[in-house]
Amino acid sequence: MKTSRVLTIAAAAVVSTMALAGCSSGSGSDGASGDSASCEASSGKVTLNFTTWVPNMDKVVALWNEENPDIQVKVSIVPNGNSGTYQNFFNQLQAGNAPDIGQVEYDTLPAFRVQDGLANIASCEGVSAAKADYSDGLWNQVTFGEDDSVYAIPQDSGPMALYYRKDLFEQAGLDVPTTWEQYAEDAVKIKEMGGSITNFAKGDVNQFAGLVSQAGGQWFDTADGTWKVDMGDEASTKVADYWQDLISKDLVTTLPSFTDEWNNAYNTDQDWTWVSAVWGANTISSGAPDTSGKWAVAPMPQWKDGESASAAWGGSSNVVFKGSEHPAEASKFLVWLNTSTESLEALNKEANLYPASTTGADLPALTSGVEFYGDQAIYEDFAKAAENIQPFTWGPTMTQTYSDISDGFGAAASGDGTLLDALKSGQEKTVAAMKAQSITVE
């Protein structure tokens, strides 16, 4: 099972930083420097602060701490990046009290690079050698195409598929939906039985972006340093209208994601499916424990019968923030965390994490059945999804873009405007934000 095909979708990360900078490799915009961090080892015992939203990361880090008494790692497990953690990171960087290490998704790395928030750890021991554990495309995302630069170590990837309640579909006499048309038809039948086919994630715009990419959409394009932004293209309009119809007909719930209320909807048979990434396996099993053995995984529904297009949602890296006094030790830990068999096995066991490193491709756990999912070998299904991820270009201001669209999605879910309105407003605000950073926009 190879992960080298996963998440080539953020190729724009390279271009975005260079377009913002308007300069050669080795420097970023707004004075951002590409100079390598000082990678001399610290004297004495070191404690590193690590902020992440990977569940049970503390159990994985405990393995490191036991073997490395002079480099101890203290873990803080927080909400996912777009639920406030990214903004906290930006605030902490400005105040000079950011953690040593943070989790940052690939689509958001450019925003931190532009703000000169990332340490260049290229010269730290083990970092250059780690390149061999990743595909060229994935490694390029953490270097931004700059020579002698590495700004993160890839951690996981996020191919998408359909999680569904196999027992409920069987009891209702419904086949697993293979097309979006069938999915909408099932939504009507499930409502008649008192349930909802899924929850529309009004705050998870990166999930919606995955749905758009599966349909062939592109929100950003750039050539010769000039950006084009189009969040109302044919595919985006089709996806927005589709989900707006489900919302307007009250065929989906619209609960805030990853909350107790959201978990309860899945744990009590209210919501029957979730179109999500591989990392969602642990989200369901931890949030809906009473449904163990009742879930299964299938390919994403298709817009045309017989197709096999997939997408990606998320996928993260680990960064050393500017200002850390211990980049050498932080880098040593991150190389271990994301490329060692010991760590990758623990991350998969404790968090169902799907590794970005090719070292993890042959882990027995990724070819074995998962008890919560009826002993289905779900990671093999996600490996097939990874082969069919559609390309998607990320813009240089994704944190702001997500926030603006999320506001509009929330209003649409409450009956004020539509999802398409939210996309159009998000485009206008994104273009304005890019121009405010002296980015050339067509």
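Everything discussed here concerns the structure shown above.
Residues numbered from 1 in each chain as written. Predicted model: local features only at pLDDT ≥ 70, side-chain atom pairs only at ≥ 80, totals over all residues. Heavy atoms only, no water.

Novice: Provide a residue-level description of the overall build of the protein chain, including the pertinent values.
Specialist: Summing up its helical and strand segments, the protein chain has 17 helices and 10 strands in all. Here the analysis covers contacts within the protein chain between residues at least 6 apart in sequence; of these, 77% occur between residues at least 24 apart. Only carbon and sulfur atoms are counted for the fraction: they give 44% of the accessible area of the protein chain, which is about 17,000 Å². (Helix = DSSP H or I, 4+ residues; strand = E, 2+ residues; numbered from the N terminus. Contact = heavy atoms within 4.5 Å. Areas by Shrake-Rupley, 256 points an atom, 1.4 Å probe, with all protein chains shown as cover.)

Novice: If you had to explain the packing of helix H8 (residues 180–192) against helix H10 (residues 234–248) to someone new, which residues and values would you point to?
Specialist: Closest axis-to-axis distance for the H8/H10 pair is 11 Å, and the angle between their directions is 5°. By the angle between their axes, H8 is roughly parallel relative to H10. For the pair H8 and H10, contact is made by Trp180, Tyr183, Ala184 and Ala187 and by Tyr242, Trp243 and Leu246, respectively. Tallied by class, residues from the contact of H8 with H10 come to seven nonpolar, no polar and no charged. (Axes fitted to C-alpha atoms, helices over the stretch in contact; angles between N-to-C directions. Parallel < 35°, antiparallel > 145°, perpendicular 65-115°, else oblique. Nonpolar A, V, L, I, M, F, W, Y, C, P; charged D, E, K, R; others polar.)

Novice: Would you mind going over the sheet that holds strand S4 (residues 153–154) in detail, with residue names and values included?
Specialist: Pairing within the open sheet is mixed, and its five strands lie in the order S2-S1-S3-S10-S4. Of all strands in the sheet, those bounded by a partner on one side alone are strand S2 (71–77) and S4. For strand S1 (residues 46–52) and S2, the ladder comprises seven bridges, and the chain directions are parallel. Residue pairing for S2: Thr47 is matched across the bridge by Gln72. Sheet strands in contact with helix H2 (residues 57–67) are S1 and S2, and its direction is about 175° off that of S2. (Pairing = 2+ DSSP bridges.)

Novice: Talk me through empty space enclosed by the protein; I want residue IDs and the actual numbers.
Specialist: Applying the stated criterion to the full structure yields one cavity of 30 Å³ or more. Its boundaries defined by the atoms lining it, the largest cavity holds a volume of some 80 Å³. In terms of residue count, the dominant contributor to the lining of the largest cavity is helix H9 (residues 205–214) (three residues). In the lining of the largest cavity, the residues fall into six nonpolar, three polar and one charged. (1 Å grid on protein atoms, 1.4 Å probe; cavity = no way out; pocket = protein on both sides within 12 Å on 5 of 7 lines; lining within 4 Å. Points joined across faces, edges and corners; volume = space filled by probe spheres on them.)

Novice: Describe the sheet that holds strand S5 (residues 160–165), and please don't skip the residues or the numbers.
Specialist: What the three strands build is an open sheet, ordered S8-S5-S9; its pairing is antiparallel. Edge positions in the sheet fall to strand S8 (273–277) and strand S9 (295–298), since each of these pairs with one other strand and no more. The mean inter-strand angle of the sheet, taken between neighbouring strand axes irrespective of direction, is 30°. In terms of strand pairing, S5 meets S8 through five bridges, oriented antiparallel. Directly across from Tyr163, in S8, lies its bridge partner Trp274.

Novice: Please set out the side chain of Asn267 residue by residue, giving values where relevant.
Specialist: Mapped onto the secondary structure, Asn267 falls in helix H11 (residues 260–267). In this structure the side chain of Asn267 is engaged in a polar contact, spanning 2.9 Å, whose partner is the backbone nitrogen of Asp290. Sequence-distant contacts of Asn267, defined by excluding residues within four places in its chain, comprise Gly287, Ala288, Pro289, Asp290 and Thr291. (Polar contact = N/O pair within 3.5 Å; in protein donor to acceptor, adjacent residues only side chain to side chain.)

Novice: Lay out the packing of H10 against helix H17 (residues 419–436) with the relevant residues and their values.
Specialist: Two numbers describe how H10 lies on H17: the axes approach to 8 Å, and their chain directions differ by 140°. It follows that H10 is oblique to H17 by the angle criterion. Along the contact surface, H10 presents Ser236, Thr237, Ala240, Asp241, Trp243, Gln244 and Ile247, while H17 presents Leu419, Leu420 and Leu423. Each residue belonging to the contact of H10 with H17 can be placed in one class, and the counts come to six nonpolar, three polar and one charged.

Novice: So, unusual backbone geometry: which residues are in play, and what are the values?
Specialist: Phi at Asp269 takes a positive value of approximately 70°, unusual for a residue other than glycine. With respect to the helices and strands, the residue Asp269 is situated in the loop between H11 and S8. The phi angle at Ser438 is positive, at roughly 65°, despite the residue not being glycine. Among the secondary structure elements, Ser438 is positioned in the segment after H17.

Novice: Can you tell me about the layout of surface pockets, naming the residues and giving the values?
Specialist: What the largest pocket holds in volume is close to 640 Å³. Residue lining of the largest pocket: 28 residues in total, with Trp53, Pro55, Phe258, Trp279 and Thr283 positioned closest to the centre. Among the secondary structure elements, those contributing two or more residues to the lining of the largest pocket are strand S3 (101–105), H11 and helix H12 (280–287). For the lining of the largest pocket, the element with the most residues is H12, which contributes four residues.

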